[in-house]
Amino acid sequence: MAKRVLVTGGSVAANTLAWWLVKGGFDVTVVEKAPAFRDGGQNVDVRGVARGVLRRMGLEEEVGRSGTGETAWTFVDENSKVVGRFALKDLGANGPTAELEILRGELARLLYESVRDRAAYRFGDTVDSIEDGADAAYVRFQSGREEDYDLVLIAEGVGSSTRELVFEGENEPRWMDVTMGYFTIPKGPGDGSDARWYNAPDGRSVFLRPDNKGTTRAVLTLQALVREAPAAPEEQKQWLKERFSDSGWETPRVLDGLEDANDLYFDLLRQVKMKRWRKGRVAVTGDAAWCATPLSGIGTTLAIVGAYVLAGELSKGDDIERAFKCYEDIMRPFVKKGQNVPKIGPRLMQPHSRLGVSLQRSVLGIASKPGIQKVLTKVAMPRAESVELPEYPFDA
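Right, let's walk through the structure included here. (Residues numbered from 1 in each chain as written. Predicted model: local features only at pLDDT ≥ 70, side-chain atom pairs only at ≥ 80, totals over all residues. Heavy atoms only, no water.)

### What about the overall build of the protein?
Quick note on the threshold: Counting from the N terminus, the helices are DSSP H or I runs at least four residues long and the strands are E runs at least two residues long. Here the globule rule is a power law, 2.2 Å times the number of residues to the power 0.38, and the radius of gyration is based on C-alpha atoms. Here's how the labels work: a residue is buried when its accessible area is under 20% of the maximum for its type, exposed when over 50%, partly exposed in between, all with a 1.4 Å probe on protein chains only. Pairs of residues are marked as contacts when any of their non-hydrogen atoms sit within 4.5 Å.
In terms of helices and strands, the protein carries 14 helices and 18 strands. For 396 residues, the compact-globule estimate of 2.2 N^0.38 gives 21 Å, and the protein sits close to it at 21 Å. Once the C-alpha set of the protein is aligned to its principal axes, its extents read approximately 65 × 45 × 35 Å. Scored against the burial criterion, the 396 residues of the protein give a buried share of 56%. Look at the contacts in the protein between residues 6 or more apart in sequence, and 74% of them connect residues 24 or more apart.

Below, the structure is given as structure tokens:
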């Protein structure tokens, strides 16, 4: 009889994990607290070895066709004058815009649709308790259902509640002193295929990115020491308005769009730091295990590769402890490098003084010159080639 596996979460990591577990012959159930599949979200990058995983899934070309069409990152001043531009055609995979640039929801949907007929998906429910027994993990759900599984794999977000049931207090977050608000606004006359980044003093930036939906994805970023923020969406909107109202450039238009946005994602960025990713029949992966934050540029890559490796190691045989250990041994160095984001980076990208903003623009003007930008991006941008993609029985 195939091993029964419960995957928690509806993320990129969860759907990738479900795909490969089914490929490995497991009986898979995915539980997600949202009442239905959640679409939407901001731009994400798929880099390096993660493309190899998508290729093995037969999804690489489809992901490419579903891309946002982003061509460059352009830094502008308050008058929309370009102070620096970094283009995909010049930098390829080493630039801030990846060759596979796609909306998070689009990628999750492609993964979900490729496996939903082969795995059991249960929406609108969450795990209430997990009892790790000698023969099975006994799970009680919030709905009142009780079931047993051979394995429980947690593939939720940075604030995973299921992780805390099993690994209570074991996450020691690394706070990045950055607060971000992501949301969708109507496309404006200046919104083209370039992403546009504007800095204002006091550690603020406004980032506008293209999508393939006829709208624009906006990101408001504040570099400051914040540990508590409002939880309700309307209060979060007010929090952002109060801090960005005098930022200049196209901020009034962005804040008008925020007023009507129904997809605001508000986050105090922190990395997940776990000394272990496994306990008995339970393991964590993706952001629940190692969130590197959007500042790393390879969070999606880590999610895809981590899911592939975890499923692959489990497919080798019945020794769960060996499989979990090998998964950690392979992924730990990769994750460590991905999380190596210096906290000075956000401070440099969001200067606090007018002089700092002016100096940043001067540096960007120099850095974006042909030749120089290739050297700088080679040093500064994340590398996703730090793990060799293993071969597993289901690859044959």
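### Some thoughts on the packing of aromatic side chains
Spelled out, the test is: Aromatic rings from Phe, Tyr and Trp, with only the six-membered ring used for Trp, were paired whenever their centres fell within 6.5 Å, and each pair was classed as stacked if the ring planes differed by under 30 degrees, edge-to-face if by over 60, and tilted otherwise.
Applying the stated rule across the entire model yields 21 aromatic pairs. Ring geometry for Trp-290 against Tyr-327: centres 6.5 Å apart, planes inclined by 45°, an arrangement best described as tilted. Taken together, the residues Trp-290 in helix H9 (residues 287-290) and Tyr-327 in helix H11 (residues 320-338) connect sequence positions 37 residues apart. Tyr-327 gets classed as buried once you look at its relative accessible area, which sits at 1%. What links up through ring pairs into an aromatic cluster is the set Trp-19, Trp-20, Tyr-308, Tyr-392 and Phe-394.

### A closer look at the pattern of salt bridges
Definition in use: When a carboxyl oxygen of Asp or Glu lies within 4 Å of a side-chain nitrogen of Lys or Arg, that pair is called a salt bridge.
A full pass over the atoms with the stated rule returns 38 salt bridges. The salt bridge involving Arg-140 is made with Glu-146; its shortest N-O contact spans 2.3 Å. When salt bridges with common partners are traced through the structure, they connect Arg-4, Arg-122, Arg-145 and Glu-147 into a single cluster.

### Side note on the sheet that holds strand S5 (residues 82-87)
The condition that has to hold: By definition, two strands form a pair when at least two bridges between them are found by DSSP. Helix axes are fitted to C-alpha atoms over the stretch in contact, other axes to C-alpha atoms as well, and angles between N-to-C directions run from 0 to 180 degrees.
If you walk across this open sheet you meet the 7 strands as S5-S4-S13-S14-S15-S12-S16, and the pairing is mixed. Since the sheet does not close on itself, it has two edges, and those belong to S5 and strand S16 (265-271), each with one partner. Strand after strand, the sheet turns through a mean of 20° between neighbouring axes, direction not considered. Strand direction decides the pairing type here: strand S13 (residues 194-200) and strand S14 (residues 204-210), joined by 5 bridges, are antiparallel. For Asn-199, the partnering residue across the bridge sits in S14 and is Ser-205. Sheet strands touched by helix H8 (residues 251-260): strand S12 (174-186), S13, S14 and strand S15 (215-223). Its angle to S12, the strand with the most contacts, is close to 80°.

### Topic: the sheet that holds strand S18 (residues 282-284)
Taken in spatial order, the 6 strands make up an open sheet running S7-S2-S1-S11-S18-S17, and their pairing is mixed. Only two strands of the sheet have a single partner each, and these edge strands are strand S7 (120-123) and strand S17 (278-279). Sheet topology places S17 next to S18; 2 bridges connect them, and they run antiparallel. Considered in S18, the bridge of Arg-278 is made with Ala-283. Packed onto the sheet, helix H1 (residues 12-23) meets strand S1 (4-8), strand S2 (27-32), S7 and strand S11 (151-154) and runs at close to 165° relative to S1.

### Some remarks on the nonpolar core
To keep things clear, this is the line we draw: Among buried residues, the Ala, Val, Leu, Ile, Met, Phe, Trp, Tyr and Cys ones that are joined through side-chain atoms within 4.5 Å form a nonpolar core.
By size, the foremost hydrophobic cluster in this structure holds 83 residues, and its most contacted members are Leu-21, Val-305 and Met-331. With 10 residues, the top contributor of residues to this core is helix H10 (residues 299-314). Those residues within four positions of Leu-21 in sequence are excluded, and the remaining contacts are Val-5, Val-7, Phe-26, Val-28, Leu-153, Ala-311 and Leu-314. Val-206, Leu-208, Leu-240 and Phe-266 belong to the second largest nonpolar core, which has 22 residues in total.

### Comments concerning the environment of Ala-224
Turning to its location among the elements, Ala-224 is positioned in the loop between S15 and helix H7 (233-244). For the pair Ala-224 and Gly-306, spaced 82 residues apart in sequence, the C-alpha separation works out to 31 Å. Filtering out sequence-adjacent residues up to four positions away, Ala-224 remains in contact with Asp-177 and Val-178.

### What about the pairing of strand S4 (residues 72-76)?
Within S4, 5 of the 5 residues are buried, leaving the element largely enclosed by the surrounding structure. Burial of S4 is two-sided: the residues Ala-72, Thr-74 and Val-76 facing one way and the residues Trp-73 and Phe-75 facing the other way are all buried. Inspection of the sheet shows S4 paired to S5 by 5 bridges, in the antiparallel sense. Bridge pairing in S5 places Trp-73 opposite Phe-86. Counting the residues that bridge the hairpin from S4 to S5 gives 5 residues, and of these Ser-80 lies at a positive phi of roughly 65°. Pairing of S4 with S13 involves 5 bridges; the strand directions are parallel. Its bridge partner being in S13, Trp-73 is matched across the sheet by Ala-195.

### Structural notes on the layout of surface pockets
How we decide: Definitions used throughout: a 1 Å grid over protein atoms alone; a cavity as a set of points that fits a 1.4 Å probe which cannot get out; a pocket as an open set with protein on both sides within 12 Å along at least five of seven lines; a lining residue as one with an atom within 4 Å of a point. Grid points are joined across faces, edges and corners, and a volume is the space filled by probe spheres set on the points. For this scheme, ten residues count as nonpolar: Ala, Val, Leu, Ile, Met, Phe, Trp, Tyr, Cys and Pro. Four count as charged, namely Asp, Glu, Lys and Arg, and the remainder, Gly too, count as polar.
The computed volume of the second largest pocket comes to approximately 160 Å³. Forming the walls of the second largest pocket are Glu-78, Tyr-198, Asn-199, Ala-200, Pro-201, Arg-204, Asp-246, Ser-247, Arg-354, Val-357, Ser-358 and Arg-361. Examining the composition of the lining of the second largest pocket, we find that 4 residues originate from one element, helix H13 (residues 354-367), more than from any other. Partitioning the lining of the second largest pocket into residue classes produces 4 nonpolar, 3 polar and 5 charged.

Honestly, that's just the spatial picture; any functional story needs more than this.
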